[in-house]
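Descriptive analysis of the structure
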Amino acid sequence: DAGITQSPRHKVTETGTPVTLRCHQTENHRYMYWYRQDPGHGLRLIHYSYGVKDTDKGEVSDGYSVSRSKTEDFLLTLESATSSQTSVYFCAISESSPATRPDTQYFGPGTRLTVL
Amino acid sequence: AQSVTQLDSQVPVFEEAPVELRCNYSSSVSVYLFWYVQYPNQGLQLLLKYLSGSTLVESINGFEAEFNKSQTSFHLRKPSVHISDTAEYFCAVSALLNFQKLVFGTGTRLLVSP
């Protein structure tokens, strides 16, 4: 299994509070991703990173920010959590490049976030 | 932009029966196609992928999928399922020039019963 950990694994918080989720990898992969999974929607890309300090928006980025100060860590922050952000959040990593084309994305175990 | 349609939200099947999970995609550019599997309370794992070449791709556990460009489909098949194949299956697509962004379908839950 790819070395990906997510913390916390479960979190319950209240509307309006800030929340930060952490993804840590030991594979030294270039790309890191944050997805959310909701019933009836599958997985949707929130943000991704293609290197330290290099990030870009995904399909559902409103209300989320990310940071990557080290290759191994990718943080997802909800500045002011809302009930619509209750979801399961997955981190993924890959080593895609123009030379290798899309490599497999390896997924972490997920974080279940509940916003009351 | 790309999109993926998995029309079947749930597919019940008996053990040792064949199964087909349907996936259709929409894209104005050439694409890569993937099937991922998610077992209960776990993250997703790659099952198989089509990048180029032979339109029939196979996984190590007996699944196969065929890329059909004219029908914009990438259906997943297995000739004989096992109880352990019970899981949720996601079809995904990415554009050739924007390969780092995967677009997922809504998933199909395969329920295998004895």
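Per chain, residues are indexed from 1 in the order of the written sequence. Throughout, the order in which chains and ligands are written sets their labels, letters from A for the former and numbers from 1 for the latter. Reporting in this predicted model follows two pLDDT cut-offs: at least 70 for local features of residues, and 80 or more for side-chain atom pairs to be given and counted; totals over whole chains, interfaces and linings ignore these cut-offs and use all residues. Working from all heavy atoms in the structure, the side-chain values ignore hydrogens and water.

Thoughts on the state of the cysteines
Between two cysteines, a covalent bond joining their sulfur atoms is known as a disulfide. The following threshold applies: Two cysteine sulfurs form what is called a disulfide whenever their separation falls within 2.5 Å. A run of DSSP states H or I qualifies as a helix once it reaches four residues; a run of E qualifies as a strand once it reaches two. Both are numbered from the N-terminal end. Throughout this description, buried means an accessible area under 20% of the type-specific maximum (1.4 Å probe, protein chains only), exposed means over 50%, and partly exposed covers the range between.
A full pass over the atoms with the stated rule returns 2 disulfides over all chains. With a sulfur-sulfur separation of 1.9 Å, Cys23(A) is cross-linked through a disulfide to Cys91(A). Taking the sign of the torsion about the S-S bond as the criterion, the disulfide between Cys23(A) and Cys91(A), at about -70 degrees, is left-handed. Taken together, the residues span a long stretch of sequence, with Cys23(A) in strand β3 (residues 19-25) and Cys91(A) in strand β9 (residues 87-94) at a distance of 68 residues. For the pair formed by Cys23(A) and Cys91(A), the shared burial category is buried. Two residues share a disulfide in this structure: Cys23(B) and Cys91(B), whose sulfurs sit 2.0 Å from each other. Disulfide Cys23(B) to Cys91(B): torsion about the S-S bond roughly -65 degrees, handedness left-handed. Highlighted residues: Cys23(B) in the loop between β3 (19-21) and β4 (24-26) and Cys91(B) in strand β10 (residues 87-95), separated in sequence by 68 residues.

Remarks on the interface of chain B and chain A
This is how the line gets drawn: Should any heavy atoms of two residues lie within 4.5 Å, those residues are considered in contact. Throughout, the accessible surface (probe 1.4 Å) given up by two parts as they are put together, summed over both, is called the buried area. A pair is scored as a salt bridge if a Lys or Arg side-chain nitrogen falls within 4 Å of a carboxyl oxygen belonging to Asp or Glu. Any N or O atom pair separated by 3.5 Å or less is treated as a polar contact, with the protein-specific requirement of one donor-capable and one acceptor-capable atom, and with residues adjacent in sequence counted only for side-chain atom pairs.
In this complex, chain B contributes 19 residues to the contact, which on the side of chain A involves 23 residues. Interface area for chain B against chain A, summed over the two sides, is near 1,800 Å², with a carbon-plus-sulfur share of 58%. Our enumeration of links across chain B and chain A arrives at 0 salt bridges. Between the two partners, chain B and chain A, sit 3 residue pairs in polar contact (both at pLDDT 80 or more). Among the secondary structure elements, those contributing two or more residues to the side of chain B that touches chain A are β5 (31-38), β6 (44-50) and β11 (98-104) of chain B.

A word on the sheet that holds strand β1 (residues 4-7) of chain A
Each strand in a sheet pairs with its neighbour through backbone hydrogen bonds, running either in the same direction (parallel) or in the opposite one (antiparallel). All names here are of chain A. Put simply, the test is: Strands were regarded as paired on the criterion that DSSP finds at least two bridges between them. Only the stretch in contact is used when a helix axis is fitted, and all axes are lines through C-alpha atoms; the angle between N-to-C directions ranges over 0 to 180 degrees.
The strand order across the open sheet formed by 4 strands is β1-β3-β8-β7, and the pairing between neighbours is antiparallel. The open sheet has two edge strands, β1 and β7 (64-70), and neither has a second partner. Direction aside, the axes of adjacent strands within the sheet are offset by 20 degrees on average.

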